[in-house]
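Secondary and tertiary structure notes
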Amino acid sequence: MTFGGSAGQGGGNHMQDPNVILVQNSLSADAQISRNSAQQRGPVTNLPIPRYVSLKGSEGNARRGPSLSHRIDWVFRHAGMPLRVVAEFGHWRRVEDKDGAGGWVHYALLSGVRTAIVTEDMAELRTRPNADSDVVARAESGAIVRLNECNPDWCQISGGGERGWVPKPSIWGVDPDEIRE
């Protein structure tokens, strides 16, 4: 059985990584770049930044800035679409889709329910997190699915009445090192 549904979007802005810090070496004029190992937290929610959420309704406006007076740059039109929160300001969250498109969305339009988008065409859902296990279904590229359990290499997803395990690189909406129980 196959299931799917396009979730295409386009255009968007990219933000610089706030965890990359320029460090001056006191012994030479050479500069080094190091990654801050501490997890960044949102100033409003104290939740991790970045993190994944989903679109609560069937439509959500992404604005140029965090207020209703800013113009709408983008409209997300797929209920359950996974989005990555990259910044917070008051009741607003700066989000991006899998292509980097996005903007500022009011928090009431977002849900903590975790979803993912299938990025591999006809991705095979397997009975267990193992390439040798039986295939129970196939998912089209662009299908929005519910994200369940994840181990270091595989995630269990469900949608269209089917449930199975896919390799993490087959979906967008989960970090490569993320574990979910």
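Further up the page is the structure itself.
Structure report, in brief. Quick caveat: nothing in here was measured; it's all calculated off a predicted structure.

**With respect to the overall build of the protein**
Check the secondary structure of the protein and you find 0 helices and 17 strands. Expressed as a percentage of the 181 residues in the protein, the buried residues total 40%. Here the contacts in the protein between residues at least 6 apart in sequence split such that 55% fall between residues at least 24 apart.

**With respect to the state of the cysteines**
Put plainly, two cysteines are in a disulfide when a covalent bond ties their sulfur atoms together. For the structure on display, the rule yields 1 disulfide. Across a sulfur-sulfur distance of 2.0 Å, C150 and C155 are joined as a disulfide pair. Its torsion about the S-S bond being 110°, the disulfide of C150 and C155 is classed as right-handed. Classification of C150 by relative accessible area gives buried; the value is 2%. The class for C155 is buried, based on a relative accessible area of 0%.

**Notes on unusual backbone geometry**
Negative phi values dominate among residues other than glycine, just as trans dominates among peptide bonds. P50 follows I49 through a cis peptide bond whose omega is 0°. Structurally, P50 can be placed in the loop between β3 (31-35) and β4 (51-55). Positive phi, normally seen in glycine, also occurs at N46, with a value near 65°. Within the fold, N46 resides in the loop between β3 and β4.

Rules and cut-offs
Each chain carries its own residue numbering, running from 1 in the direction its sequence is written. A pLDDT threshold of at least 70 governs which residues receive local features in this predicted model, and a stricter bar of 80 or more applies before side-chain atom pairs are shown or counted, although totals over entire chains, interfaces and linings include all residues. The basis for every side-chain value is the complete set of heavy atoms in the structure, and neither hydrogens nor water enter the calculation. Counting from the N terminus, the helices are DSSP H or I runs at least four residues long and the strands are E runs at least two residues long. Here the term buried applies to any residue with accessible area under 20% of the maximum for its type, exposed to any over 50%, and partly exposed to those in between, with areas from a 1.4 Å probe on protein chains only. Whether two residues are in contact is decided by their heavy atoms, any of which lying within 4.5 Å being enough. Throughout, a disulfide means two cysteine sulfur atoms within 2.5 Å of one another.

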